[in-house]
Amino acid sequence: MACGPVSSLREVRAEILELGCDTPGCTAQRLGPPPAGALLSVRDVSVRYGTKVALEAVDLDVYQDRVTALIGPSGCGKTSLLSCLNRMTDLVPGCTVSGSIRFDGRDVATEQDTGWLRRSVGMVFQRPNPFPLSIRDNIWLPLKEHGCKHSELAARTEEVLTQVGLWNEVKERLDQPALSLSGGQQQRLCIARALTLRPRLLLMDEPCSALDPLSTEVIERLILDLRGTVSIVIVTHNLAQARRVADDVVVFWNHDDSGCVIEAGEAEAVFANPRQPDTVAYLSGLRG
Amino acid sequence: MKVKSTDRILVWSLRAASATAGSLVLLILCFLVLESVEGITRVGAGRFLNDPGWHPSQGAESEFSLVPMIAATIASTIGAILLAGPVGVLAAVFCRFYAPPKLARAFRSIVELLAGIPSVVYGFWGLVTLVPLVRELAPPGASLLAGILVLAMMIVPTVALLAFAALKNVPPGHLEGATALGLSRWTTIVKVVFPSAASGLGVAIVLGTMRAIGETMAVLMVCGNITKVPSSLFDPVRTLTANIALELGYATQEHRAVLFVSGLALMIMIVLLVFVQERLQRRARLA
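What counts, and where the lines are drawn
Residues numbered from 1 in each chain as written. Chains lettered and ligands numbered in written order. Predicted model: local features only at pLDDT ≥ 70, side-chain atom pairs only at ≥ 80, totals over all residues. Heavy atoms only, no water. Contact = heavy atoms within 4.5 Å. Buried area = accessible area lost by both parts, 1.4 Å probe. Salt bridge = Lys/Arg side-chain N within 4 Å of Asp/Glu carboxyl O. Helix = DSSP H or I, 4+ residues; strand = E, 2+ residues; numbered from the N terminus. 1 Å grid on protein atoms, 1.4 Å probe; cavity = no way out; pocket = protein on both sides within 12 Å on 5 of 7 lines; lining within 4 Å. Points joined across faces, edges and corners; volume = space filled by probe spheres on them. Nonpolar A, V, L, I, M, F, W, Y, C, P; charged D, E, K, R; others polar. Domains from an automatic or database assignment. Phe/Tyr/Trp six-rings, centres within 6.5 Å; stacked < 30°, edge-to-face > 60°. Buried < 20%, exposed > 50% of the residue type's maximum accessible area, 1.4 Å probe, protein only. Patch = residues over 30% accessible without salt bridge, like charges linked within 9 Å, V, L, I, M, F, W, Y side chains within 5 Å. Areas by Shrake-Rupley, 256 points an atom, 1.4 Å probe, with all protein chains shown as cover.

## Concerning the interface of chain A and chain B
The extent of an interface is frequently quoted as the accessible surface area lost upon association of the parts.
Here is step 1 of the chain: Contacts between chain A and chain B engage 19 residues on the former and 16 residues on the latter.
Here is step 2 of the chain: With both sides pooled, the region where chain A packs onto chain B buries about 1500 Å², and carbon together with sulfur makes up 72% of that total.
Here is step 3 of the chain: For the chain A face of the interface with chain B, the top three residues by lost area are Phe131, Pro132 and Glu145 of chain A, together amounting to 33%.
Here is step 4 of the chain: Our enumeration of links across chain A and chain B arrives at zero salt bridges.
Here is step 5 of the chain: The set of elements that each furnish at least two residues to the side of chain A that touches chain B consists of β6 (121–124), α4 (135–145) and α7 (183–195) of chain A.
Here is step 6 of the chain: Residue contributions to the side of chain A that touches chain B peak at three residues, all from α4 of chain A.

## Focus: the layout of surface pockets
Summary: where empty space remains is shown by rolling a probe the size of a single water molecule over the atoms.
Here is step 1 of the chain: One number sums up the size of the largest pocket: a volume of about 1200 Å³.
Here is step 2 of the chain: Together, 36 residues line the largest pocket, and Leu91, Val92 and Pro93 of chain A together with Arg96 and Leu175 of chain B are the ones closest to its centre.
Here is step 3 of the chain: Looking at the lining of the largest pocket, the elements with two or more residues in it are α2 (78–85) of chain A together with α3 (67–98), α4 (101–116), α6 (144–168), α7 (172–180) and α8 (185–214) of chain B.
Here is step 4 of the chain: Top element by residues in the lining of the largest pocket is α7 of chain B. It accounts for five residues.
Here is step 5 of the chain: Here the lining of the largest pocket is composed, by residue class, of 19 nonpolar, seven polar and ten charged.

## Some remarks on the domain arrangement of chain B
Residues and elements named next belong to chain B.
Here is step 1 of the chain: Looking at the assigned domains, one finds that chain B contains domain 1 (2–43) and domain 2 (63–286).
Here is step 2 of the chain: Computed over C-alpha atoms only, the centres of domain 1 and domain 2 are separated by 29 Å.
Here is step 3 of the chain: The interface of domain 1 with domain 2 comprises ten residues on the first partner and eleven residues on the second.
Here is step 4 of the chain: In total, about 950 Å² of surface goes out of reach between domain 1 and domain 2, with carbon and sulfur atoms giving 80% of it.
Here is step 5 of the chain: The three residues of domain 1 that bury the most area against domain 2 are Leu32, Arg42 and Val43, which together make up 44% of that side's buried surface.
Here is step 6 of the chain: Between the two partners, domain 1 and domain 2, sit one salt bridge.
Here is step 7 of the chain: Arginine 256 serves as the salt-bridge partner of glutamate 35, at 3.6 Å between the closest nitrogen and oxygen.

## Concerning empty space enclosed by the protein
Here is step 1 of the chain: Evaluated as defined, the whole model comprises two cavities of 30 Å³ or more.
Here is step 2 of the chain: Residue lining of the largest cavity: Ala92, Cys95, Phe107, Arg108, Val111, Ala160, Leu161 and Phe164 of chain B, and that is the complete set.
Here is step 3 of the chain: Counting only elements with at least two residues in the lining of the largest cavity, the list comes to α3, α4 and α6 of chain B.
Here is step 4 of the chain: Considered class by class, the residues forming the lining of the largest cavity number seven nonpolar, no polar and one charged.
Here is step 5 of the chain: In this model, the second largest cavity occupies a volume close to 30 Å³.
Here is step 6 of the chain: What lines the second largest cavity is Met123, Phe125, Cys190, Arg193 and Ala194 of chain A together with Gly177, Ala180 and Leu181 of chain B.
Here is step 7 of the chain: Those elements that place two or more of their residues in the lining of the second largest cavity are α7 of chain A together with α7 of chain B.
Here is step 8 of the chain: No other element matches α7 of chain A, which puts three residues into the lining of the second largest cavity.

## Details of the packing of aromatic side chains
Think of a pair of aromatic rings as described by two things: how far the centres are apart, and how the planes are tilted against each other in angle.
Here is step 1 of the chain: Per the stated rule, a full pass over the model turns up five aromatic pairs over all chains.
Here is step 2 of the chain: A centroid spacing of 5.9 Å and a plane angle of 75° characterise the contact between tryptophan 253 of chain A and tyrosine 282 of chain A, whose relative ring orientation is edge-to-face. Highlighted residues: tryptophan 253 of chain A in strand β9 (residues 248–255) and tyrosine 282 of chain A in helix α11 (residues 277–283), separated in sequence by 29 residues.
Here is step 3 of the chain: Since its relative accessible area comes to 4%, tryptophan 253 of chain A is described here as buried.
Here is step 4 of the chain: Residue class for tyrosine 282 of chain A comes out buried when judged on its relative accessible area of 6%.
Here is step 5 of the chain: Ring geometry for phenylalanine 31 of chain B against phenylalanine 260 of chain B: centres 5.4 Å apart, planes inclined by 90°, an arrangement best described as edge-to-face. Here phenylalanine 31 of chain B is found in helix α1 (residues 2–43), whereas its partner phenylalanine 260 of chain B is found in helix α11 (residues 253–286), with 229 residues between them in sequence.

## Describing a nonpolar patch on the surface
Residues and elements named next belong to chain B.
Here is step 1 of the chain: A cluster of nonpolar residues, Leu90, Phe94, Tyr98, Leu103, Trp186 and Val190, forms a patch on the protein surface that exposes about 550 Å² of accessible area.
Here is step 2 of the chain: Put simply, the parts of the chain that give the nonpolar patch at least two residues each are α3 and α8.
Here is step 3 of the chain: With three residues, α3 is the single largest residue contributor to the nonpolar patch.
Here is step 4 of the chain: With respect to the element layout, leucine 90 can be found in helix α3.

As structure tokens, then:
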């Protein structure tokens, strides 16, 4: 069927009725061998929690210095995929990950040096989670742990706090508890904390979902500023946000209670010309 | 309508139950204060601290110094908490962050069982096992040290269980954040978990301390019960609680009244600790 630009809701609805639910026309995206330019390549990755399959046979690529948005309805495994990328899944009892995840030429699943992995792949969570320490210690703790010289701590702190636009707001009160900051400031502090280790890839799990619209705007601007210095994979429920910040999008969907990727590509192309009927329905707000 | 009337019955029975519980505590406190007032006025408050010793049944020549007992209570409690605090907290850390789930479950059941052992059993065990061991180090054996060791054993389970609960309350976001930054488990525990659980761990220590202060039977059995300010760990001592238990049975007149004063002194210590605990808990809720 033709899934060109959709002119009217009625047209989309007609298409969905015609195809029925969980249309057989929508198949999981399969990709060939990892392309040379990909920073991160995921092939045939499945995630199980006990016997429940959260994610089935996912293929996707993430390119250097671009913002890749993972979009799709709730419960289709976006966050599960994200937590495989820096092995946060190790924390979840009963969680097994199969398939291949190659980051920077190394196999994430078998990587012995998790310190390297977590230095190279930073993560920002849905709810701001600064440690119950001072603002300064939130930044210093990871730096010290990864062997940053004491003489460099102050400079690195200023560097990352400036990068997230927090320096002028907090430079007078670095010794105050991080929890005294507003929600938006806390989230920017968490982004700064993730950036202190100079990761090559930054994972963001719905970083704005617990924030008000103004703080959201600040974070989105920050993501756009970071583009080019660090590659970003962002999970979002907010399609408008994905449109605003993403270079590439990956669309997740639920098939038989487990998540899969149904479409991926450059953001403009996917938004303008979705190929899969489920994507069409999702992007137009009719499903998902 | 029917729902409403049962509702009213429920509300009133709840009110009655809480009024009973609350007034019982107040009654005990009033009774303690009233009985003590008599002792304080008849003997004079200064003598509890300034008399040369504790010889309460010698008519006009009686001496009523509570200092040896207060010193014994404070020394045994501090000693016990110095031992049991770190051990209990580290046991909780092991259980929460290091032990495989099955071992952690087994460990917790054992600790819960330990917390339920009657104090007389601890005292009995202390008397036949600990006291001879201490005697080998320095006679007579029944001593402050034996009391500290038995008390420590008794409050380790309390501290460990409460500390475990405090560690479980650390927001998962802190742990995820620490893992995502590649922090080692030890750094995570010391630099992130402890600051986050500080108030809860404080409550664990305070409640353990309260249990140590109030414990009577076990210390009575292993401490030797001599009313003297201890000069070393191997000296026999008598705590406030043991003193009351030993003497109330035959005490009359002023002697009896002074025993109530020592009960009041215990109560004051506990009230102070409850106050500290409340403040810690309020901080824990705010954090």
